[in-house]
Amino acid sequence: HHATEASRRTFGAMCGLGANVVHAASDSAVPAVLAATYARLAASGRRPYLIAPGGSQPAGVLGAVDAGLELCEQVRAGELEEPDVVVCAFGSGGTAAGLAAGLQLGGLRTQVAAVRVYPFPGAAIGVLARRVLARLGHRGGLDPGRVRVLTGYMGAGYAQPTQAATSAVEAAAGLGLTLESTYTGKAFAAFLEAAGRAPDSKLVFWHTYDARIPEGLPAPDPDRAPPALRQFL
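Residues numbered from 1 in each chain as written. Predicted model: local features only at pLDDT ≥ 70, side-chain atom pairs only at ≥ 80, totals over all residues. Heavy atoms only, no water.

One open sheet accounts for 4 strands, arranged β3-β2-β1-β4; its pairing is parallel. In the strand order of this sheet, the two ends are held by β3 (147-150) and β4 (203-205), each with one partner. Taken pair by pair, the neighbouring strands of this sheet meet at an average axis angle of 25°, ignoring direction. Summarising the sheet, strand β2 (residues 111-116) and β3 pair through 4 bridges and their orientation is parallel. (Pairing = 2+ DSSP bridges. Helix = DSSP H or I, 4+ residues; strand = E, 2+ residues; numbered from the N terminus. Axes fitted to C-alpha atoms, helices over the stretch in contact; angles between N-to-C directions.)

Structure (structure tokens):
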């Protein structure tokens, strides 16, 4: 396990709010643990609802579609020029898929550069975008070349800091932006590199991290955390 300051805060908030956290020893164990938990809840009379990792399912990415459409409206209103590329983090693909779908529906030619921060297959973005477009009544998938997956920024693995991400977080702080090392720091590192290679390109960095934690949250409850994870509270 690797914990960051952001993940510790989020985990503590979950345990303080009473979430029942179930631990899987590895990524490969997640499907079996998830299936067993789902079956146990269903057998007890509950009605479990499965949310895909990162909320990356058609209903979960509609907000990102709206965000893409909002960017299109800002371009039409003259608030900014049409971007050549929007750079965002790519974990489970929801942000990239929703943005790409929204930009396509809104009529922009803008490409989405998805910076891989988790070993999720890049094809998942196109599959998810096609599903959300179908949900909205539009047949077909994304236009060819609408999404480009950028590799080489993840480092040793998910949530493992890299020097480039650390430097990017520091650079962003100087601009008044709060980033973290798991998603947005790695995406911003790619953004800075792209801006350096093509200084005349119109690039947009899509900031997906909200560092605010609501006030008045209860203190973390260690009893809510599986024993293997209590060290992270």
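Next up on the list: the packing of aromatic side chains. Here the structure, examined in full by the defined rule, presents 6 aromatic pairs. Taken together, a centroid distance of 6.4 Å and an interplanar angle of 45° make the contact between Tyr 118 and Phe 120 tilted. For Phe 120, a relative accessible area of 26% gives the class partly exposed. For the ring pair Phe 191 and Phe 205, a centre distance of 5.8 Å and an interplane angle of 55° mean the geometry is tilted. Linking Phe 191 in helix α7 (residues 184-197) with Phe 205 in strand β4, this pair joins segments that are 14 residues apart in sequence. Just as Phe 191 is buried, Phe 205 falls in that class too. Taken together, the ring pairs connect Tyr 118, Phe 120, Tyr 158 and Tyr 183 into an aromatic cluster. (Phe/Tyr/Trp six-rings, centres within 6.5 Å; stacked < 30°, edge-to-face > 60°. Buried < 20%, exposed > 50% of the residue type's maximum accessible area, 1.4 Å probe, protein only.)

The element strand β1 (residues 85-90) is extensively covered by neighbouring structure, given that 6 of its 6 residues are classed as buried. Judged from the 6 bridges that link them, β1 and β2 form a sheet pairing that is parallel. In the sheet register, Phe 90 faces β2, and the bridge partner there is Arg 116. As for the winding sense of the linkage, the β-α-β connection from β1 through helix α4 (residues 94-105) to β2 is right-handed. Two strands pair when backbone bridges link them, and β1 and β4 are joined in this way by 3 bridges, in the parallel orientation. Opposite Val 87, over in β4, you have Phe 205 as the bridge partner. (Right-handed = clockwise from strand over helix to strand, strands pointing away.)

Time to look at the nonpolar core. Judged by nonpolar contacts, the single largest core of 25 residues is most densely connected at Val 86, Leu 99, Leu 103, Val 112 and Trp 206. Breaking this core down by element, the ones donating at least two residues are α3 (62-76), β1, α4, β2 and α5 (123-135). When residues of this core are assigned to their parent elements, the largest contribution, 6 residues, is made by α4. Sequence-distant contacts of Val 112, that is, excluding residues within four places in its chain, are made with Val 86, Cys 88, Ala 96, Leu 99, Ala 100, Leu 103, Arg 146, Val 147 and Arg 148. (Core = buried A, V, L, I, M, F, W, Y, C linked by side-chain atoms within 4.5 Å. Contact = heavy atoms within 4.5 Å.)

A complete count under the given rule lists 4 salt bridges for this structure. Glu 73 serves as the salt-bridge partner of Arg 76, at 2.8 Å between the closest nitrogen and oxygen. Residue Arg 76 and its partner Glu 73 are both found in helix α3; the two are separated by 3 residues, about one turn of the helix. Given a relative accessible area of 46%, Glu 73 falls into the partly exposed group. Taking the shortest distance from any N to any O, the salt bridge between Arg 197 and Glu 193 comes out at 3.0 Å. Taken together, the residues Arg 197 and Glu 193, both in helix α7 and 4 residues apart, mark about one turn of the helix. (Salt bridge = Lys/Arg side-chain N within 4 Å of Asp/Glu carboxyl O.)

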